[in-house]
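Next come the chains, spelled out residue by residue.
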Amino acid sequence: MNATLERWSTRRAFILAVTGAAVGLGNIWRFPYITGENGGAAFLVLYVVFVLLLGLPIMMAEILIGRAGRRSPVQSLGHLAALAGASRHWGLLGLFGAFTVFCILSFYSVVSGWSIEFFITAINGGFVGRNPAEIGAGFEAFLADPWRMTFNHTLFLFMTMTVVAAGVAKGLERLNNLLMPLLYLLLVLLAGYAATTDGFGTALSWLFRPDLAAITPMVVMHAMGHAFFTLAVGACALMAYGAYMPERQSLPHAAGAVALLDVGVALLAGIAIFSVVFSQGMDPGEGPGLMFVTLPIAFAELPWGALWLSVFFLLLLLATWTSSINLAEPMVATLQGRGLGRGRSAAIVGVLVWLMGLLSALSFSTLAEWRPLFGMSAFDLVTTIPTEIFLPVGGLLIAVFAAWVMPHREAQAALGVGEPGFRLWRTMVRWISIPLAALVLAAGLL
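Thresholds, definitions, all that
Residues numbered from 1 in each chain as written. Predicted model: local features only at pLDDT ≥ 70, side-chain atom pairs only at ≥ 80, totals over all residues. Heavy atoms only, no water. Core = buried A, V, L, I, M, F, W, Y, C linked by side-chain atoms within 4.5 Å. Buried < 20%, exposed > 50% of the residue type's maximum accessible area, 1.4 Å probe, protein only. Contact = heavy atoms within 4.5 Å. 1 Å grid on protein atoms, 1.4 Å probe; cavity = no way out; pocket = protein on both sides within 12 Å on 5 of 7 lines; lining within 4 Å. Points joined across faces, edges and corners; volume = space filled by probe spheres on them. Helix = DSSP H or I, 4+ residues; strand = E, 2+ residues; numbered from the N terminus. Nonpolar A, V, L, I, M, F, W, Y, C, P; charged D, E, K, R; others polar. Phe/Tyr/Trp six-rings, centres within 6.5 Å; stacked < 30°, edge-to-face > 60°. Lys NZ or Arg CZ within 6 Å of the ring centre and 35° of its normal.

Caption draft 1: View of the nonpolar core. Core analysis: the biggest nonpolar cluster contains 159 residues, and Ile65, Trp114, Tyr241 and Met291 have the highest contact counts within it. For Met291, the contacting residues outside a window of four places in its chain are Ile28, Trp29, Ile273, Pro296, Phe312, Phe313 and Leu316.

The following block contains the structure:
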């Protein structure tokens with residue numbers, strides 16, 4: 001065991017940290033628009049089912065590897081593989097996970113920079129009195145401004161790496177303990193405001209009354225993919241957190257609490273967003289622009305709309321900040337495992353992610369004509385390949401390692417359940433979660 005490895009001070013701190021890693025753009029930006037594009041309640045039902053059958057079992061697999069190894073992801077995988085008499089090359093999966101998080105954080109920082117811009121604009125009343133064409137044109141102008149995009153990307157990444165450099169106890173844990181409850185408070189306030197709008201009943205009906213005829217193979221695949229993305233599995237980030245997990249904490253209970261909190265954020269965000277959208281008679285299937293174009297238009301027409309729009313973008317900023325901080329941790333832990341200090345590791349990760357993020361930040365302006373692969377922009381590539389290919393690959397290999405390669409005794413001890421419970425979990429991972437993860441990967445490749 002790595003004697004210098006830090007630990008979460010309480011069970012609550014661990015749950016908030018893993019929830020902080022999971023809750024972010026996937027819940028507040030991606031969930032509403034992908035739900036809008038895929039039929040509302042029909043997608044929601046499938047999403048919850050796949051969280052239980054796919055996301056949650058693999059989340060437990062990823063955390064238990066870190067808990068059993070008590071090292072960085074690379075070292076934990078190599079150590080446990082050696083105990084099982086398997087190839088130490090399994091340690092490369094930790095490096096692959098770190099690279100996946102590296103790519104994700106690079107575009108995450110750019111999109112989170114949008115929330116900074118929109119939060120400031122909303123506070124200043126910049127959306128009040130503007131028609132839909134003006135709001136849409138304002139968003140396009142912002143994307144096309146390389147200096148504003150780069151500044152916001154830089155500011156957000158600086159906010160992120162400063163906290164990570166402070167360490168687990170002084171940085172991540174303190175911020176999670178403060179911001180995660182605040183995030184839920186803001187969500188409840190927004191949902192309460194949504195209940196006063198004319199579209200609240202329509203939103204509830206649309207979200208919770210499934211039309212089975214709306215279920216298509218594409219809707220099923222999108223639900224599987226989002227269940228994977230939203231729980232932050234497949235990138236070894238949760239493996240790093242498992243290494244810090246308190247000895248006596250129940251892993252199944254903690255993972256279940258995280259899944260519940262994660263889905264709860266998505267549902268509350270969906271209720272708030274779709275209530276506002278329906279109250280203005282707008283289309284819920286607006287796609288990725290739902291957050292940054294449709295919502296400002298809808299809020300601008302409502303009483304106290306400017307105030308509540310400011311609250312919403314503050315919520316988005318907090319969610320992406322906690323998520324980015326928690327995603328950066330495994331990369332820093334990987335460098336620490338190679339003998340570097342935390343501050344230096346955080347600085348190296350921050351600079352490299354910043355440089356990579358410039359490709360996304362400038363892909364709407366300076367690099368707009370650069371289409372390096374399949375006619376896709378740099379932003380499209382960096383947002384698509386890591387989330388739709390790298391994450392499923394990582395999750396699939398993590399599940400295979402935990403359920404097929406890892407020694408039985410170490411796996412059961414890390415899971416913290418008796419033999420019947422362990423066999424149930426392992427059977428589910430082997431024969432349900434792994435095939436579903438393979439389907440998600442196949443869909444991403446196709």
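Caption draft 2: Examining the layout of surface pockets more closely. The computed volume of the largest pocket comes to approximately 800 Å³. Arg30, Tyr33, Thr384, Thr387 and Glu388 are, among the 33 residues lining the largest pocket, the residues nearest its centre. Listed by contribution, the elements that provide at least two residues to the lining of the largest pocket are helix 2 (25–37), helix 5 (92–123), helix 6 (132–143), helix 10 (217–230), helix 16 (378–405) and helix 18 (419–445). It is helix 16 that contributes the most residues to the lining of the largest pocket, 8 residues altogether. Among the residues forming the lining of the largest pocket, the class breakdown is 21 nonpolar, 7 polar and 5 charged. Its boundaries defined by the atoms lining it, the second largest pocket holds a volume of some 240 Å³. Along its surface, the second largest pocket is lined by 14 residues, and Arg67, Ala68, Arg70, Glu247 and Ala414 are the ones closest to its centre. Looking at the lining of the second largest pocket, the elements with two or more residues in it are helix 3 (41–69), helix 4 (73–83) and helix 17 (408–415). Here the lining of the second largest pocket is built from residues that sort into 6 nonpolar, 3 polar and 5 charged.

Caption draft 3: Main features of the packing of aromatic side chains. With the rule as written, the count across this model stands at 29 aromatic pairs. By the ring-pair criterion, three or more aromatic residues cluster together here, those being Trp114, Phe118, Phe127, Phe139, Phe292, Phe312, Phe313, Phe364 and Phe379. Over the ring of Phe229 we find Arg30, and its NZ or CZ is 5.0 Å from the ring centre.

Caption draft 4: Spatial organisation of empty space enclosed by the protein. Throughout the structure, instances matching the rule amount to 2 cavities of 30 Å³ or more. By volume, the largest cavity is sized at about 140 Å³. Ala21, Ile104, Phe229, Ala232 and Leu327 are, among the 13 residues lining the largest cavity, the residues nearest its centre. Among the secondary structure elements, those contributing two or more residues to the lining of the largest cavity are helix 1 (11–22), helix 2, helix 5 and helix 14 (305–336). The element best represented in the lining of the largest cavity is helix 5, accounting for 3 residues. Looking at the lining of the largest cavity residue by residue, the classes come out as 11 nonpolar, 2 polar and no charged. There is about 40 Å³ of room inside the second largest cavity. In this structure, the second largest cavity is lined by Ala122, Gly125, Gly126, Phe127, Val128, Ala300, Gly305, Ala306 and Leu309. The dominant element in the lining of the second largest cavity, judged by the number of residues it contributes, is helix 14, at 3 residues. The class makeup of the residues in the lining of the second largest cavity is 6 nonpolar, 3 polar and no charged.

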